[in-house]
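Structural description and commentary
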Amino acid sequence: MPAYTQIAVETHGRVGLVRLDRPKALNALCDALAHELLDALEAFDADPGIGAMVITGSEKAFAAGADIKEMSAKSFGEVLAEDYLGVWDRFPRLRKPVIGAVRGFALGGGCELAMMCDFVIAGDDARFGQPEITLGVIPGMGGTQRLPHLVGRALAMDMVLTGRMIDAAEAKAAGLVARVVPAANTLAEALKAAETIAEHNLPAVILAKEAVHRAEEVGLAEGLRFERRQFHATFATEGRAEGMAAFLEKRKPAFTHR
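Residues numbered from 1 in each chain as written. Predicted model: local features only at pLDDT ≥ 70, side-chain atom pairs only at ≥ 80, totals over all residues. Heavy atoms only, no water.

1. What about the side chain of T234?
Assignment of secondary structure puts T234 in helix α10 (residues 220–234). You can call T234 buried: its relative accessible area is 14%. Of note is the side chain of T234, whose polar atom sits 2.6 Å from the backbone oxygen of F231. (Helix = DSSP H or I, 4+ residues; strand = E, 2+ residues; numbered from the N terminus. Buried < 20%, exposed > 50% of the residue type's maximum accessible area, 1.4 Å probe, protein only. Polar contact = N/O pair within 3.5 Å; in protein donor to acceptor, adjacent residues only side chain to side chain.)

2. Quick notes on the packing of aromatic side chains
Taken as a whole and judged by the stated rule, the model has 1 aromatic pair. The aromatic ring of F226 is capped on one face by R214, whose charged end is 4.0 Å from the ring centroid. (Phe/Tyr/Trp six-rings, centres within 6.5 Å; stacked < 30°, edge-to-face > 60°. Lys NZ or Arg CZ within 6 Å of the ring centre and 35° of its normal.)

3. Observations regarding the environment of P253
Position of P253 relative to the elements: it lies in the segment after α11 (238–248). Taking the C-alpha atoms as reference points, P253 and G243, separated by 10 residues in sequence, lie 5.4 Å from one another. Those residues in contact with P253 that lie beyond four places of it in its chain are E242, G243 and A246. (Contact = heavy atoms within 4.5 Å.)

4. Things to note about the pairing of strand β1 (residues 7–12)
On a regular strand, each side chain points to the face opposite its neighbour's, so the side chains alternate between the two faces of the sheet. With 6 bridges joining them, β1 and strand β2 (residues 15–20) adopt antiparallel strand pairing. In the sheet register, V9 faces β2, and the bridge partner there is V18. Counting the residues between successive antiparallel strands, the hairpin from β1 to β2 contains 2 residues, one of them, G13, with a positive phi of roughly 65°. (Pairing = 2+ DSSP bridges.)

5. Focus: helix α8 (residues 186–199)
Owing to its 3.6 residues per turn, the α-helix brings residues three or four apart onto one side. If you check α8, its first and last C-alpha atoms are 20 Å apart, about what 14 residues at 1.5 Å a residue would give, namely 20 Å. Among all positions in α8, only T186, A190, L191, A193, A194, I197 and A198 are buried. One side of α8 holds all its buried residues, which, seen down the axis, span an arc of 160°. (Expected span 1.5 Å × (residues − 1). Arc of directions from axis to C-beta.)

6. So, a nonpolar patch on the surface
Where nonpolar side chains cluster on the molecular surface, the patch consists of I68, L135 and V137 and spans about 250 Å² of accessible area. Mapped onto the elements, V137 comes out in the loop between β8 (127–129) and α5 (146–151). (Patch = residues over 30% accessible without salt bridge, like charges linked within 9 Å, V, L, I, M, F, W, Y side chains within 5 Å. Areas by Shrake-Rupley, 256 points an atom, 1.4 Å probe, with all protein chains shown as cover. Salt bridge = Lys/Arg side-chain N within 4 Å of Asp/Glu carboxyl O.)

7. Describing unusual backbone geometry
You will see that L85, though not glycine, has its phi angle at about 80°, which is positive. Here L85 shows up in the loop between α3 (76–81) and β5 (98–102). Although it is not a glycine, K250 sits at a positive phi angle of roughly 55°. Mapped onto the secondary structure, K250 falls in the segment after α11. The class for K250 is exposed, based on a relative accessible area of 77%.

8. Observations regarding the side chain of E112
Residue placement: E112 occurs in helix α4 (residues 109–116). It is R146 that comes nearest to the buried, bridge-free E112 among opposite-charge side chains, at 6.9 Å. Looking at E112, its side chain comes within polar contact range of the main-chain nitrogen of G143, at 2.8 Å. Excluding residues that lie within four positions of it along the chain, E112 makes contacts with Q130, E132, P139, G140, M141, G142 and G143. (Lys, Arg positive; Asp, Glu negative; His and termini not counted.)

Structure representation (structure tokens):
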């Protein structure tokens, strides 16, 4: 395993866990952290022994934003030439599910990272926001694109144009997070959800994730056709035969994830 300096990596059975680990900077997303996080997630994604992944931060902050110190010295020519923040295009290519376990601040890039996850379990102390406008810039990791899909245009405009933070309860009501739990239980609940996912037939899990994401990209008729073909594809997996046999035999399935 690589010697990471910005993150900590663990495995819990068939679940891969990545902790953002820049506590003094409230887990600000510097370039080095971005590369380490994506490298670790891609390694889990390629590991046949892993069925789902969890990303978390600290009690104070999931991630309090991008690294402003790193960003402030860059010119337009530099950010354009290096396609600054383009490294995050690797995240949507992950095939296995990723759950965000969020406590404390998830602001700017931290909120955008949470939105990249397939779903978020938030502690009741979580705070979400896109405050880039207060720095004279706009979101650059999906804040103006993913946020309206999740919470609607009105709230997205409010958050992006005013920089207002919302708490976990408002985020849940708006559809930004899937569950709100007592803060101390956040990671345990996320790991439990990931363990449940990882027990299922992995090919079916991957196909299901692809189908749900396709719904965000195409119209209903095309999405329904895609879903049906994904459903048909599950009949080529060992897990489909085992899952249905186990149901009929009233026993727990023993999936081989093939």
